[in-house]
Amino acid sequence: MIDALLDEMAALGREQHSRFDAAAFRAIGADAAGLLWAETRDAPGAEVVLRSYLRLLAEAVGMGCAARDPSGAHANLLSLLFAELVPVLLPAVAPARRPRALADAWNLGEGLLSEPAWMNRYAAALCAPVASLDDFPAHLAAVLAPALAPRPASGWLGPSTVRVLDARSVRDDFLPGAMHLAAPSVVCVHDRRAPRSQLGLFLDYAGQSSLLGPTPCLGANLREGALPPVAFARNAAEIAGRAVPLPWLRAPQDTLVTAAGFVLATSADSQRLWVIDTP
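Below is a summary of the structure that appears in this document. On a predicted model such as this, the values are computed, not experimentally measured, just so you know.

On a plain count of helices and strands, the protein chain comes out with seven helices and eleven strands. C-alpha extents for the protein chain along the principal axes are approximately 70 × 35 × 30 Å. Sorting the 279 residues of the protein chain into buried and exposed places 46% on the buried side. For the protein chain, long-range pairs separated by at least 24 residues make up 62% of all intrachain contacts whose partners lie at least 6 apart in sequence.

It is worth spelling out helix α4 (residues 77–89) at this point. Under the 1.5 Å per step criterion, the end-to-end length of α4 is only 15 Å for 13 residues, more than 12% shorter than the ideal 18 Å. In α4, a bend of some 35° at Ala83 exceeds every other bend along the element, and Pro87, a proline, comes one to four places later. With ten of its 13 residues buried, α4 lies for the most part within the structure. Structurally, α4 contributes buried residues whose contacts are with α2 (22–40), α3 (46–62), α5 (98–112), α6 (117–127) and α7 (136–148). Its side-chain oxygen 3.1 Å from the backbone nitrogen of Leu78, Asn76 forms the N-cap of α4.

What follows is about the sheet that holds strand β9 (residues 252–258). Strand order in the open sheet made by the four strands is β1-β11-β10-β9, with antiparallel pairing throughout. Lying at the two open borders of the sheet, with one neighbouring strand each, are β1 (161–166) and β9. When strand polarity is set aside, the average angle formed by the axes of neighbouring strands in this sheet is 15°. Across five bridges, the pairing between β9 and strand β10 (residues 262–267) is antiparallel. Its bridge partner being in β10, Val257 is matched across the sheet by Val263.

Rules used in this analysis
Residues numbered from 1 in each chain as written. Predicted model: local features only at pLDDT ≥ 70, side-chain atom pairs only at ≥ 80, totals over all residues. Heavy atoms only, no water. Helix = DSSP H or I, 4+ residues; strand = E, 2+ residues; numbered from the N terminus. Buried < 20%, exposed > 50% of the residue type's maximum accessible area, 1.4 Å probe, protein only. Contact = heavy atoms within 4.5 Å. Expected span 1.5 Å × (residues − 1). Bend = angle between axes of the 7 residues up to and from the residue. Polar contact = N/O pair within 3.5 Å; in protein donor to acceptor, adjacent residues only side chain to side chain. Pairing = 2+ DSSP bridges. Axes fitted to C-alpha atoms, helices over the stretch in contact; angles between N-to-C directions.

If you want it as structure tokens, here you go:
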């Protein structure tokens, strides 16, 4: 039955999308459909659910959305949902709710496609650990809320907090390099030796900034207004005339300053990343 459904949905995909990639559809759909069917086949409406899933997956492939970036990360939330999460999590949803859960997953993923690229990639990176489709809308809202919240401009009067982050905690060989602001609280950090490899960084006050893990380039480069003068020296930075100690920062390399009160620096000889916050 699964093979017949794959053939049917691949034919439908070719009819509706001139660049439909049947091989990509089968590469994802065969294993996913097998997993989904094995866990749901005894439930009422199981074949309808499987057919609906494969139909939506074919649509995602036809739209070019079921894709990963060169590092293997999902390029968007729709890809994460239909290539990875739905086949695993849908069986845990009550049988009567499965069609609705499928529709909700599609609407969330498709809706995010119309938003800025960084938001889609950020959501895909942070929603991967979700454990329930029932909880997914709330999880997505919780993930996006702090990233979207506006941040008031800093007065740069102090006091400042310093957080030293080590890229090795999320990837052994990552060497932090160029950085750009994707949203008021989200930074994309590029690997100096592999420019197509990135880590996300969430900015927060009181030394609570944190690395988000590997992600596709978050795409945006948020432009901000007036920024204070910042000068770096060995183990210190001077921000608007105030000295801030930066332990172990011997040779500043790449830097970033944001209007909300964050100063970031990398070092030529370290996998660490220094984050100063001044609310």
